[in-house]
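Structure at a glance
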Amino acid sequence: MWVSTIRSASYRYLFKNSNQFIRPKSVSSVAQLSPYFSDSSSDEQNGNTQMKNSTNNIVEVNSYWVTEMLNSLKEEPENALLFFRQLKESGFKHDVQTYMAMVRTFCYWGMDMKLDSLFLEVINCGKKDLGFEASDLFEELVEGLNAEGPNSLVRALDALLKAYASLRMFDEAIDVLFKTKRCGFGLSVLSCNYLMNRLVECGKVDMAVAVYKQLKRIAVKPNVYTYGIVIKALCRKGNLEEAVTVFEEMEKAGETPNEFTYSTYIEGLCSYGRSDLAYDVLRAWKGANVPLNVYAYTAVIRGFVNEKRLQEAEIVLLDMEEQELIPDAFSYGAIIHGYCDIGNITKALDFHDKMEARGIKSNCVIVSSILQCLCKNGKACYVVDQFKSFMKQGIFLDEVAYNVVIDALCKLGRFEEAVELLDEMKDKKMTLDIVHYTTFINGYCLHGKILDALELFEEMKEKGLKPDVITYNVLAGGFSRNGLVKEALHLLDHMKGQGLTPTTVTHNVIIEGLCVGGYAEEAEAFFSSLEYKSVENYAAMVNGYCELGKTKDAYELFVRLSKQGILIRRNSRLKLLSSLCLEGEYGKAIKLFEIVLTLGDDTCKIMYSKLIACLSSAGDMKRARWVFDNMVWRGLTPDVVIYTMMLNGYCKVNHLQEAVILFDDMKERGISPDVITYTVMLDGHSKNLKRDRSSSDTRRNGGERKDTWWNNEEKIDPSTFWSEMKEMELKADVICYTVLIDSHCKSDNIDDAIRLFTEMIDRGLEPDSVTYTALICGYCKQGHVEMAKDLVNEMWSKGIQPDSHTISALHHGIIKAKKVHLRHNNNSGKTEVIRSS
């Protein structure tokens, strides 16, 4: 009791005698000082603050007094910090000395987070706000170390280095590291590790390796994590041999690699695009009983996914389970994300089901990826259903997931449901941001509800959310699609008034929006009005012409630009190419392709694929082969899809010899044919077999033989391809079975056709109308009309609608059977009435 009385008396004396500063031993409560912060003013020149005490006397507080007060509060760090902050809020300008007092207190108590925050404040504010810089604080710290010896202030230097590193001020961080050493003090290896790791993550790999090499010179002993970080850095550089050398350095230093080190090496290999090597290393180490955890396997899975090698990623997942390591949500999530990224939603959902079946709980990141994939694939209805399914499963759904489903509902025009979801978000205290409002505005614009879009736009502003360029772009696009040119231009002026500059994208959405809406003249007028036209604006005009069906104008604009050496963006070139191919302008499509090559772009695989697909479909195999050979010459490897399109083209024009040569070339390049490839070859050779038989029948009936090139070819039995498929363990699909059944029926091998039909059903494959029709034709050809009728009835019972071709085949079969029957009766001298069906 008497102690607090003395303390109170000391403060009263202090503030009554403002020219005499007494250093109190302690402060019982910062609340004792609160009356003095009620009315204050600051002197900017000397940094002092004048405050009134309880007797209304003016008290002058300067740096010396504050430093003494903070030092006296060293045993009460929270009170010291509160006092420090209250003074700052009252207008007092802290200097190096007062900050140093707080640094000493935080170091004394090991309050690392507070220390980090303090240094970040100093660095961010800088000389302009504080009157001094972090470098001044560094000098003060070094002086303190020299005076007091290597005590807890070393912790402060560590914190300063980490603060610089966290702000990506790497030169300053490294300066702290080496200046400290020159002053005779060493920083902890933990802070050095933090610096190196930040350098690696920010792509400054060479700098990280350089820091590592300097550590040993300044007597900082690396630990196992230091080595791990260096290994990761060297792998990212592609210096794999050097990375292995670091393992040897570890051994010499007496450090045993742990799971972190091994996993880091594997992760580094994957980040360099060598996931195959990483997997080899992983298996070798596992065989040598090296400690490896789930993280190492997940790193390899993620590596394969990044390289679009999803089958290999699946193999690693299976291997992981065989090693009795339980995959987690990150392992499955990587594969799910990979399949979503390539648009294979079926596989993504399949893996999600497997994950859930194993009791691994999904998360909002994974489900958002699935929902976004569904939306991109144009399956908005499925997005809504899947969202509800995830919700029933109890998976936490965040703002991103809600925004995806709201976007889907808006695209479907189901705005009432979308609003309900928005209200649900509010009830769950979720933060509605500009993205959610922009999504709604976009939905209204897509459905021509411009007034609703404007109303929501105003509501967003009323709620204090400032529309960004994307919001304005969405609204400008909506105006344009509905022909509201004046309103779109007014919106651009409004944007500028809000301090936002319309971008190239803004101009492009107006151009393309007007074209989508069918306002060709308005689009051309707006395009002409642009003072500066970028390449992107020209690309938008090309896209617009394609949307309007004015492919000729789009092509002419492209050619005009190319003569000036301007090449529009790849997506626009692909759009123009597709439009030309759809209209059968193959000559212009090839010319476009040649221009792109001339201007120095090797073109993407998609362009080659589109050209080959169109030319092959049109039977123009000479040009298709030229494009194919050009692709190979430029070092691009055709995939199974491109090979299959070429093979299909050759088979369509009966150039089977070229097809077989190309088929062999495909296998020699290590590209495995798939079911579709074999189906194409089976179909082509089956039809050729039929032509041969037709030709033989013609010759037997006295017809003249015509020598065609395919008469002189070496014939391949279609069953050869069927046998290859079985050897490769490829499962035939409905189309493949249908081709074979049709082939056997036309070759009068009805028993083989029936066997394949039965085998197909036994495998769980449902025949479609084409399959049934092929077998019905076969039955009718053999005179088995009743069996053909039974098949038609079976089709009806399964809900498969027989088409005109099916009915026609049955009708001709019945008529043929009647003629044969009547002929037989006439020969026997009897007359019978045949029942009509």
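What you see is a predicted model, and the numbers here were worked out from it, not measured in a lab.

**What about the overall build of the protein chain?**
Each helix and strand counted, the protein chain has 43 helices and three strands in total. For the protein chain, buried positions account for 46% of its 837 residues. In the protein chain, 60% of the contacts between residues at least 6 apart in sequence involve partners at least 24 apart.

**Quick notes on the nonpolar core**
Counting 257 residues, the largest nonpolar core has Phe-119, Leu-177 and Leu-195 as its most contacted members. A total of nine residues in this core trace back to one element, the largest contributor, which is helix α7 (residues 153–166). The two domains that each donate at least three residues to this core are domain 1 (61–187) and domain 2 (732–824). Those residues in contact with Phe-119, other than ones at most four positions away along the chain, are Val-103, Leu-137, Leu-141, Ala-156, Ala-159, Leu-160 and Ala-163.

**A few points about unusual backbone geometry**
Even without a glycine there, the phi angle at Arg-168 is positive, about 60°. Structurally, the position occupied by Arg-168 is in the loop between α7 and α8 (170–182). Although it is not a glycine, Lys-308 sits at a positive phi angle of roughly 60°. If you trace the backbone, Lys-308 turns up in the loop between α15 (294–306) and α16 (310–322).

**As for helix α9 (residues 189–201)**
A rise of 1.5 Å per residue sets the reference length of α9, with its 13 residues, at 18 Å; its end C-alpha atoms lie 18 Å apart and thus fit the reference within 8%. When we look at burial in α9, the residues that qualify are Val-189, Ser-191, Cys-192, Asn-193, Leu-195, Met-196, Leu-199 and Val-200. Buried positions along α9 lie against α7, α8, α10 (205–215) and α11 (224–237). Directly beyond the C-terminal end of α9, a positive phi value near 85° is found at Gly-203.

**Observations concerning the pattern of salt bridges**
Counted according to the given criterion, the structure contains 35 salt bridges. One salt bridge connects Asp-112 with Arg-155, and the closest N-O pair in it is separated by 3.0 Å. In this pair, Asp-112 is assigned in helix α5 (residues 112–130) and Arg-155 in helix α7, connecting sequence segments 43 residues apart. Note on Arg-155: relative accessible area 33%, which makes it partly exposed. The closest approach of N and O atoms between Glu-458 and Lys-461, which form a salt bridge, is 3.4 Å. Separated by three residues within a single helix, Glu-458 and Lys-461 lie in helix α24 (residues 450–462), roughly one turn from each other.

**Considering the packing of α15 against α16**
For any two helices packed against each other, the geometry is given by the interaxial angle and the distance between the axes. In the contact formed by α15 and α16, the axes pass within 7 Å of each other and the chain directions differ by 165°. When the axes of α15 and α16 are compared, the pair comes out roughly antiparallel. Handedness of the α15/α16 crossing: left-handed. For the pair α15 and α16, the contacting residues are Val-294, Tyr-297, Thr-298, Val-300, Ile-301, Phe-304 and Val-305 in the first and Leu-310, Glu-312, Ala-313, Val-316, Leu-317, Asp-319 and Met-320 in the second. Tallied by class, the residues present in the contact of α15 with α16 amount to eleven nonpolar, one polar and two charged.

**Observations regarding the packing of aromatic side chains**
For the structure shown, the criterion picks out 26 aromatic pairs. Here the aromatic rings of Phe-593 and Tyr-608 are separated by 5.2 Å at their centres, their planes lie at 75°, and the arrangement is edge-to-face. Taken together, the residues span a long stretch of sequence, with Phe-593 in helix α32 (residues 586–598) and Tyr-608 in helix α33 (residues 605–617) at a distance of 15 residues. Overall, the relative accessible area of 0% leaves Phe-593 in the buried class. Here Lys-74 stacks its cationic end above the ring of Tyr-108, 4.6 Å away from the centre of that ring. A cation over a ring is seen here: Lys-533 above Phe-527, with NZ or CZ 5.5 Å from the ring centre.

**Let's talk about a negative patch on the surface**
Side chains of Glu-133, Asp-136, Glu-139 and Glu-143 sit close together on the surface and give a patch of like negative charge. Here Glu-143 lies in helix α6 (residues 134–148).

**Let's talk about the layout of surface pockets**
When its volume is computed, the largest pocket comes out at roughly 410 Å³. Looking at the largest pocket, it is lined by 20 residues, and the ones nearest its centre are Gly-333, Ile-336, His-337, Val-365 and Ser-369. When contributions to the lining of the largest pocket are tallied by element, the ones reaching two or more residues are α15, α17 (329–341) and α19 (364–376). It is α17 that contributes the most residues to the lining of the largest pocket, eight residues altogether. Taken together, the residues that form the lining of the largest pocket break down as nine nonpolar, eight polar and three charged.

**Concerning helix α21 (residues 399–412)**
The first and last C-alpha atoms of α21 sit 20 Å apart over 14 residues, in line with the 20 Å expected at 1.5 Å per residue. Most of α21 is tucked away: ten of the 14 residues are buried. Among the residues of α21, Ala-401, Tyr-402, Asn-403, Val-404, Val-405, Ile-406, Asp-407, Ala-408, Leu-409 and Cys-410 are the ones counted as buried. On its buried face, α21 is in contact with α19, α20 (380–392), α22 (415–427) and α23 (434–446).

**Re the confidence of the model for the protein chain**
Averaged over every residue, the pLDDT of the protein chain is 82; the share at 70 or more is 86%. Within the protein chain, no element has a lower average pLDDT than helix α1 (residues 2–16), which sits at 35, and none a higher one than α17, at 93. Low pLDDT, under 50, characterises residues 696–700; the stretch is placed with two contacts to residues that sit more than four places away or in other chains. Low pLDDT, under 50, characterises residues 705–712; the predicted model gives this stretch 15 contacts beyond four residues in sequence or across chains.

**Brief notes about the environment of Gly-131**
Tracing the chain through its elements places Gly-131 in the loop between α5 and α6. Spatially, the C-alpha atom of Gly-131 lies 7.2 Å from that of Asp-95, the residues being 36 residues apart in sequence. Excluding residues that lie within four positions of it along the chain, Gly-131 makes contacts with Lys-93 and Gly-126.

**Looking at the state of the cysteines**
A covalent bond between the sulfur atoms of two cysteines is referred to as a disulfide. Across all of its chains, the model carries zero disulfides by this definition. Free cysteine: Cys-614, not disulfide-bonded; nearest cysteine sulfur from Cys-581 at 3.3 Å. Exposure remark for Cys-614: the relative accessible area of 22% places this residue in the partly exposed category.

**Remarks on the packing of α9 against α10**
Contact geometry for α9 and α10: axes closest at 7 Å, N-to-C directions at 160°. Taken together, the axis directions place α9 and α10 in an arrangement best described as roughly antiparallel. In the packing of α9 onto α10, the handedness of the crossing is left-handed. Facing Cys-192, Leu-195, Met-196, Leu-199 and Val-200 of α9, the residues of α10 in contact are Val-205, Met-207, Ala-208, Val-211, Tyr-212 and Leu-215.

**Details of the side chain of Asn-473**
Here Asn-473 is to be found in helix α25 (residues 469–481). Taking relative accessible area as the criterion, Asn-473 reaches 9% and is therefore assigned buried. Residues contacting Asn-473, with those up to four places away along its chain left out, are Thr-503, Val-505, Thr-506 and Val-509.

**Some details on the side chain of Ser-331**
Of note, Ser-331 is situated in helix α17. By relative accessible area, which is 0% here, Ser-331 ends up buried. Within the local environment of Ser-331, its side chain forms a polar contact with the side chain of Asp-328, the two groups lying 2.9 Å apart. Residues contacting Ser-331, with those up to four places away along its chain left out, are Val-294, Thr-298, Ile-301, Leu-317 and Met-320.

**Comments concerning the environment of Glu-312**
Note on placement: Glu-312 falls in helix α16. Sequence separation between Glu-312 and Ser-275 is 37 residues, and the spatial gap between their C-alpha atoms is 9.5 Å.

Rules and cut-offs
Residues numbered from 1 in each chain as written. Predicted model: local features only at pLDDT ≥ 70, side-chain atom pairs only at ≥ 80, totals over all residues. Heavy atoms only, no water. Helix = DSSP H or I, 4+ residues; strand = E, 2+ residues; numbered from the N terminus. Buried < 20%, exposed > 50% of the residue type's maximum accessible area, 1.4 Å probe, protein only. Contact = heavy atoms within 4.5 Å. Core = buried A, V, L, I, M, F, W, Y, C linked by side-chain atoms within 4.5 Å. Domains from an automatic or database assignment. Expected span 1.5 Å × (residues − 1). Salt bridge = Lys/Arg side-chain N within 4 Å of Asp/Glu carboxyl O. Axes fitted to C-alpha atoms, helices over the stretch in contact; angles between N-to-C directions. Parallel < 35°, antiparallel > 145°, perpendicular 65-115°, else oblique. Left-handed = near helix turned anticlockwise from the far one by under 90°. Nonpolar A, V, L, I, M, F, W, Y, C, P; charged D, E, K, R; others polar. Phe/Tyr/Trp six-rings, centres within 6.5 Å; stacked < 30°, edge-to-face > 60°. Lys NZ or Arg CZ within 6 Å of the ring centre and 35° of its normal. Patch = residues over 30% accessible without salt bridge, like charges linked within 9 Å, V, L, I, M, F, W, Y side chains within 5 Å. Areas by Shrake-Rupley, 256 points an atom, 1.4 Å probe, with all protein chains shown as cover. Lys, Arg positive; Asp, Glu negative; His and termini not counted. Charge placed at Lys NZ, Arg CZ, Asp CG, Glu CD. 1 Å grid on protein atoms, 1.4 Å probe; cavity = no way out; pocket = protein on both sides within 12 Å on 5 of 7 lines; lining within 4 Å. Points joined across faces, edges and corners; volume = space filled by probe spheres on them. pLDDT = per-residue confidence, 0-100. Disulfide = S-S within 2.5 Å. Polar contact = N/O pair within 3.5 Å; in protein donor to acceptor, adjacent residues only side chain to side chain.

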